[in-house]
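# Close look at the chain arrangement
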Amino acid sequence: MNTKSRVTAVLGPTNTGKTHYAIERMLSHRTGVIGLPLRLLAREVYDRIVALRGPSVVALVTGEERIVPERTQYWVCTTEAMPLEIGADFVAIDEIQLCADLDRGHVFTDRLLNARGLHETLFLGSDTMRGAIAALIPGVQFVRRERMSVLSYAGSKKIARMPTRSAIVAFSVENVYAIAELIRRQKGGCAIVMGALSPRTRNAQVDLYQNGDVDYLVATDAIGMGLNLDIRHVAFAGTSKFDGRRMRPLNPDELAQIAGRAGRHTSAGTFGVTGEARPLHPEVVEAIENHQFLPVRKLQWRNARLEFGTAERLIDSLERPTRDEWLTRVRESDDLMALKSLNAMPEVTSRLRNARDVRLLWDVCRIPDFRGISHTEHTTLLAKLFEFLHDGGRIPTDWLARAIARIDRTQGDIDTLSRRLAFIRTWTYVAQRAGWVDDESHWRGETRAVEDRLSDALHARLTAAFVDRRTSVLMRRLNQKESLVAEVNDKGEVTVDGELLGRLEGFRFRQDKTASPDEARTLRQAAVAALAPAFNLRADKFYNAPDTEMDFTEQGGLMWGSEAVGKLVAGADALRPQVQAFVDDEAGPDVAEKVRRRLQHFIDRKIAAQFEPLVNLQRDETLTGLPRGFAFRLVEALGVIPREGVADEVKTLDQEARGALRKHGVRFGQFTIFLPALLKPAPTRLRLVLWSLAEGLETFPESPPPGLVTIPNLPEVPAQHYTLSGYRPAGSRAIRIDMLERLADLVRTKDARAGFEATPDMLSITGMTLEQFADLMQGLGYGAEKGERIKTRPQPSAEATAEDIAAKARSEAEAARIAADNDEPSDPAAEPSADAAPAEPAPDAPDGSAEVPVEGADIEATDGTTVAKAEGEAADEMEVFYTFRWSPRPRHNRGDGPRRGAPRREQGAEHGARDGAREGGPRDKGDRPRRDGGKSDGPRGERPKGGPKGGPKGGKGKPGDKRGQQPRSFSSGPERKRDRIDPDNPFAAALMGLKDKK
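The sections below set out a description of the structure shown in this document. (Residues numbered from 1 in each chain as written. Predicted model: local features only at pLDDT ≥ 70, side-chain atom pairs only at ≥ 80, totals over all residues. Heavy atoms only, no water.)

To continue, consider helix H10 (residues 334–343). The set of residues buried in H10 consists of Asp335, Leu336, Ala338, Leu339, Leu342 and Asn343. Projected down its long axis, H10 shows its buried positions confined to an angular sector of 160°, all on one face. On its buried face, H10 sits against helix H9 (311–318), helix H11 (346–349), helix H12 (355–365) and helix H13 (375–392). (Buried < 20%, exposed > 50% of the residue type's maximum accessible area, 1.4 Å probe, protein only. Helix = DSSP H or I, 4+ residues; strand = E, 2+ residues; numbered from the N terminus. Arc of directions from axis to C-beta. Contact = heavy atoms within 4.5 Å.)

This brings us to helix H1 (residues 18–27). By the burial criterion, the buried members of H1 are Lys18, Thr19, Ala22, Ile23, Met26 and Leu27. Taken end-on, H1 shows its buried residues confined to a sector of 165°, consistent with a single buried face. Residues of H1 that are buried make contact with strand S1 (6–11), strand S2 (32–36), helix H2 (39–53), strand S5 (74–78), strand S6 (90–93) and strand S7 (120–125).

Let us look at the pattern of salt bridges. Applying the stated criterion to the full structure yields 53 salt bridges. Of the charged contacts in the structure, one is a salt bridge between Asp547 and Arg605, with a shortest N-O distance of 2.8 Å. Residue Asp547 is located in the loop between helix H18 (517–543) and strand S23 (550–552), and its partner Arg605 is located in helix H19 (residues 589–610); the two are separated by 58 residues in the primary sequence. The partly exposed category is assigned to Asp547, whose relative accessible area is 25%. For Glu593, the salt bridge goes to Arg596, with nearest N and O atoms at 3.0 Å. Placement of the pair is Glu593 and Arg596 together in helix H19, with a separation of three residues, close to one helical turn. The exposure class assigned to Glu593 is partly exposed, which follows from its relative accessible area of 31%. For Arg596, a relative accessible area of 28% puts it in the partly exposed group. A single salt-bridge network, built from bridges that share partners, covers Arg43, Asp47, Glu65, Arg200, Arg448, Asp452 and Asp456. (Salt bridge = Lys/Arg side-chain N within 4 Å of Asp/Glu carboxyl O.)

Looking now at the packing of H1 against H2. Following both chains from N to C, one finds H1 and H2 inclined at 40°, their axes separated by 12 Å at the closest point. Accordingly, the angle class assigned to the pair H1 and H2 is oblique. Relative to H2, H1 is oriented so that their crossing is right-handed. Along its contact with H1, which presents Thr19, His20, Ile23, Met26 and Leu27, the element H2 presents Val45, Arg48, Ile49, Leu52 and Arg53. (Axes fitted to C-alpha atoms, helices over the stretch in contact; angles between N-to-C directions. Parallel < 35°, antiparallel > 145°, perpendicular 65-115°, else oblique. Left-handed = near helix turned anticlockwise from the far one by under 90°.)

The next subject is unusual backbone geometry. Notably, His291 is not glycine yet its phi reads approximately 55°, a positive angle. Tracing the sequence through the fold places His291 in the loop between helix H8 (282–290) and strand S17 (299–301). We classify His291 as partly exposed; its relative accessible area is 22%. The phi torsion at Asp439 lies on the positive side, around 50°, for a residue other than glycine. Position of Asp439 relative to the elements: it lies in the loop between helix H15 (414–432) and helix H16 (440–466). The class of Asp439 is partly exposed, set by a relative accessible area of 48%.

A few words now on the pairing of strand S10 (residues 166–169). Looking along a regular strand, one sees side chains alternate from face to face of the sheet. With burial as the criterion, each face of S10 is covered, one bearing Ser166 and Ile168 and the other bearing Ala167 and Val169. With four bridges joining them, S10 and strand S13 (residues 233–236) adopt parallel strand pairing. In the strand pairing of S13, Ser166 is matched with His233. Relative to strand S12 (residues 216–219), S10 runs parallel, the two sharing four bridges. Bridged to Ala167 within S12 is Leu217. (Pairing = 2+ DSSP bridges.)

Before going further, it helps to spend a moment on the packing of helix H6 (residues 199–210) against H16. Running from N to C, H6 and H16 point in directions that differ by 35°, and their axes come no closer than 8 Å. The chirality of how H6 crosses H16 is right-handed. Only Glu451, Asp452, Ser455, Asp456, Leu458, His459, Leu462 and Thr463 of H16 make contact with H6, whose side of the interface consists of Pro199, Arg200, Thr201, Ala204, Gln205 and Leu208.

Another point: the packing of aromatic side chains. Evaluation of the coordinates by the stated rule reveals 14 aromatic pairs. Aromatic pair Phe756 and Phe884: ring centres 5.8 Å apart, planes at 45°, arrangement tilted. Here Phe756 is found in the loop between helix H26 (737–747) and helix H27 (760–766), whereas its partner Phe884 is found in strand S36 (residues 878–886), with 128 residues between them in sequence. Exposure class is identical for Phe756 and Phe884. Each is buried. For the pair Phe773 and Phe884, a centre-to-centre distance of 5.5 Å together with 85° between the ring planes defines the contact as edge-to-face. (Phe/Tyr/Trp six-rings, centres within 6.5 Å; stacked < 30°, edge-to-face > 60°.)

Rendered as structure tokens:
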């Protein structure tokens, strides 16, 4: 022991700046060595000195790491790895109170007794070592340093109520991970610090905490050994630990060493307990707060003067007792246990021939059991290594490469990576031993690289498992009372500091569903604070948005683009609905009212635009009396009323009253009273929504697709839904109201009593096949008689006769006059459509069945000759045709039938049930449609000359009959050729002019 150097013991509680003082003193000398209790702390001090003097003069030596520049002046080491033979000017030992540690105490005691600097020696630690140091080191000087901040007891706190910048200390890996998971769910995450972590992993985790990415740290008692962290509160999750042999309670000075990490520099700190840990005893609390502990009475010691003659003599020297009252022999350590086990193996003892072999065996036994699998497993590995080193002088390169390759895998969970890190530490330690491997620098670099890769992977797994960056960032900002400003992108995604909170759908926040219940509360709290300005900006944008960006759904929803912002609710009447805005309460009443007003403006303008004719009708103050009442009925029905429902009211309206209503576009159809402008798709869609709101329906009927003339007539759909949609049920389908009125115009030109066939115009209007048309007509109250006949072949078109041309001219003039009058049929049920003139019959081709020659008869040609039917000619092609006659009969639909006690004429109008026959107005003259197309409000139309008079029964004519002497037959075949105009006729010029116009 060098007694010439100055020896100083700098003692005091934590947070007194002892380590910082030692660094300053070492750098004031030319050379120096400082021993630290942990590899992690050694790395921290090394980085600090490198920052001050550069890496070229600073060495780092630990069991698994060795960085030694050629011009090294300052050595930063773990206490076990301190080079004592270099003769440094300065030597310092940190945490000297570890001389009393049961496992490592003998190493610190040896440094206390034997490590000296040429000029200065410092011992740093707790004041409990004052008596022992004074007794063992004569002439030592003591320096007392007081704590720079106040440390106080805060009692027990739940983890959910743990303040920020807190460290929770547990004493097992399982407890550390369990607490970390709980903090992640409730607080957003934490960093983890354990002695078993590699420096790289530990530094990465500490950076998470120090940089503010997380506000909580979960650690083992490793943080008590000089790690300088910004901790305000230390909470003990337990007060007992396993010391390698048994569970024991922590001493007050050990608790104080850990609790002292709280309150760095001049900031006050607190300590307490959490979880299942019992509150600290008042005496323990007082001792920690006042830094008053029982002095250390015994230091762990092991003989350092070893004898290597034989293995037995080495064991004896290690177990040699001491007679010093301040010292006590250490309990059997791991290296001594390994030595005894290896000495019992014949394959080992057979190789122990001299002191060099024994020294080599002892060096192998000092390899720490990083893997911690079992003592037997560790001993087997040591025996193999001793065999390699003794027999070959080196560990075989291929064997070492295979062992490292098995570890060099970054896949796996936290436990798997932690085990691999422990395994690689063994080979890192081996590679640091001089002369044990070939190409030492290569294997030192290789093992370090593997450790770094595993360290990075473990850090990533720890961060992924125990850090929710989103919740952590939000909680930190909230706790720091910082203003949170949310960013909303085009997709509605809400982010704060790049962290996704959820989506903003209209003015309602939809939280991210991936969050756990604990995280959800934090997200909601952060969203409320962050979205306040976003709601106001969004409300301003919405209020200034054009109506074209808004729409309503068929179920009464109100949309802004693709986002739901409200819904319609029933108002005072159908045309004045109210709106209910979808706005979160957190947005505030001002935002909600602004959104509601804008939606109300939108729907009011939409109704005014789509229902302009109806609104004008409602506001027309010139309407009085019966027209006023009928207008009210029409407004109440939203512009569409089945005629049979208001037949009596219609009868009471005179021509003047009807004319006043027609000025607003009201059309008195044969089946429906309606406003044609309101049958367009947009008003129809709105009408269904307004009617459903007024009726209080939960599910609204949807409007048919636009452009369809007919739609299926479903039994489960009420007839009123079809009426509001602009359709009238008839048979298996429902036909659009306006197209039905056009069809009625065509039917009125036919003799419904004698019978008629469907014309191409009728089929074209309805867009149906003949069979579908027959079903439709039966639904309207007509009988359909099916028949077959020989299909007429196409004939060459014939020129019109003078009589036909004159009849055509009179028919066109009469039709034009009728359309201009825009009046009604004498019977309300037979009123034509207002926007479609009755289809005029072809003057030279009646609408009935065509004249079909009798089988076997001759066919008359246009030139008067007769052509006999060729024998052996193929059979004639047959065609199906229907003859329709007005034949109303009761057909009950969905419980609707003729009203009891109603007049006969009205009952006839109500026959036909769900197909709509009952919905046709009452008819005159036997309840059949008029064939003359006459109007009740104007002069009766005159039937054109040569017009159809009804077809014969059976729909067939007789060949050879004169045109004016036989009943007209109706046919869909080609027109027959007529005589040419006589040029000598005095009216020939006029007739030719009419022909040219045609």
